[in-house]
Amino acid sequence: MQNKNQQKANRIREQILVIRDSGETNMLDARTVQRLAFERDFYELVNFIEEDRKAYAHFIFTGELNLPGEDDAGSEGGTDIESCT
């Protein structure tokens, strides 16, 4: 059973992938990604980008997603993008 942070991370990852797969914007254009997320009712993604753009950019470059305030104790450095596909 996944905890709430893992479930939230999976939802955000899926939302990012939907926008990426749409091909509507460069994923490094965080403002446009936020707008597209808002238009699709992906409010968790909108908030994630607003709260921690650095973590968002880290995900785009590495595929590892660490939510703001996530405790790294016992973690293996985030969740890999491949685990979602």
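Residues numbered from 1 in each chain as written. Predicted model: local features only at pLDDT ≥ 70, side-chain atom pairs only at ≥ 80, totals over all residues. Heavy atoms only, no water.

### Thoughts on helix H3 (residues 43–51)
Because each turn of an α-helix spans 3.6 residues, side chains separated by three or four positions end up pointing in the same direction.
Argument step 1. Those residues of H3 that sit buried are Leu45, Val46, Phe48 and Ile49. The arc that holds every buried residue of H3, seen down its axis, measures 165°, which confines them to one face. Turned more than 90 degrees away from the buried face of H3 sit Glu50 and Glu51, all of them exposed.
Argument step 2. Packed against the buried residues of H3 are helix H1 (4–22), helix H2 (30–39) and helix H4 (53–62). (Buried < 20%, exposed > 50% of the residue type's maximum accessible area, 1.4 Å probe, protein only. Helix = DSSP H or I, 4+ residues; strand = E, 2+ residues; numbered from the N terminus. Arc of directions from axis to C-beta. Contact = heavy atoms within 4.5 Å.)

### Structural notes on the pattern of salt bridges
When the charged atoms of two side chains lie near each other, side chains of opposite charge can form a pair.
Argument step 1. Within the structure shown, the criterion is met by 4 salt bridges.
Argument step 2. Among the salt bridges present, the one from Glu44 reaches Arg11, with a minimum N-O distance of 2.9 Å. Remark: Arg11 occurs in helix H1 and Glu44 occurs in helix H3; sequence separation between them is 33 residues.
Argument step 3. Glu44 sits in the partly exposed class, given a relative accessible area of 23%.
Argument step 4. Ionic pairing is found between Asp21 and Arg20, a salt bridge with its closest N-O pair at 3.1 Å.
Argument step 5. Accessibility expressed as a relative area gives 57% for Asp21, which makes it exposed.
Argument step 6. Overall, Arg20 belongs to the partly exposed group, its relative accessible area being 41%. (Salt bridge = Lys/Arg side-chain N within 4 Å of Asp/Glu carboxyl O.)

These values are about where atoms sit, not about what they do.
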